[in-house]
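# Breakdown of the fold
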Amino acid sequence: MISYKPFQKLLIDREIKKQDLLKVTGISSATMAKLNTNEYVSLEVIDKLCTALECQPGDLLEHLTDQ
C-alpha cells in the first residue's frame, strides 16, 4: 500500500496550506482528497508536487507492506 503521510508531514513542516498548493500546482481539490486518503494519483500529479515543493517522490510517499 502507498501512504502519502510523508507528503502531509512535509506540508506541516514547511507551513504550506493545501489551498495554496492547489493554486500553484493546478491540481484539483478532488486529487488533494485522494492524497489525504491514500488513494491512487497519477505520476503527473506527483511530478507537479515535486516541482512545486522542490523535492523527490520519496519525500511525498512511502510503501507500506500489507500485514
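Residues numbered from 1 in each chain as written. Predicted model: local features only at pLDDT ≥ 70, side-chain atom pairs only at ≥ 80, totals over all residues. Heavy atoms only, no water.

- The chain is annotated in an unreviewed UniProt entry as DNA-binding Xre family transcriptional regulator of Paenibacillus amylolyticus.

### Here's the deal with the nonpolar core
- F7, L35, L49, L53 and L60 are the most contacted members of the largest nonpolar core, which totals 17 residues.
- Secondary structure elements with two or more residues in this core: α1 (5–13), α2 (18–25), α3 (29–36) and α4 (43–53).
- In terms of residue count, α4 provides more of this core than any other element does, 5 residues in total.
- When residues no more than four places from it in sequence are discounted, the contact partners of L60 are S3, Y4, P6, F7, L10, I46, L49, C50, L53 and C55. (Core = buried A, V, L, I, M, F, W, Y, C linked by side-chain atoms within 4.5 Å. Buried < 20%, exposed > 50% of the residue type's maximum accessible area, 1.4 Å probe, protein only. Helix = DSSP H or I, 4+ residues; strand = E, 2+ residues; numbered from the N terminus. Contact = heavy atoms within 4.5 Å.)

### Re α3
- Considered for burial, the residues of α3 that qualify are T31, M32 and L35. Projected down its long axis, α3 carries its buried residues within an arc of 100 degrees, all on one side.
- Backbone geometry just downstream of α3 places N38 in the positive-phi region, at approximately 60 degrees. (Arc of directions from axis to C-beta.)

### Observations regarding the side chain of S3
- By secondary structure assignment, the location of S3 is in strand β1 (residues 2–3).
- At 3.2 Å, the side chain of S3 and the backbone nitrogen of K5 are in polar contact.
- With residues near it in sequence (within four places) discarded, S3 still touches N38, L60, L61, E62 and L64. (Polar contact = N/O pair within 3.5 Å; in protein donor to acceptor, adjacent residues only side chain to side chain.)

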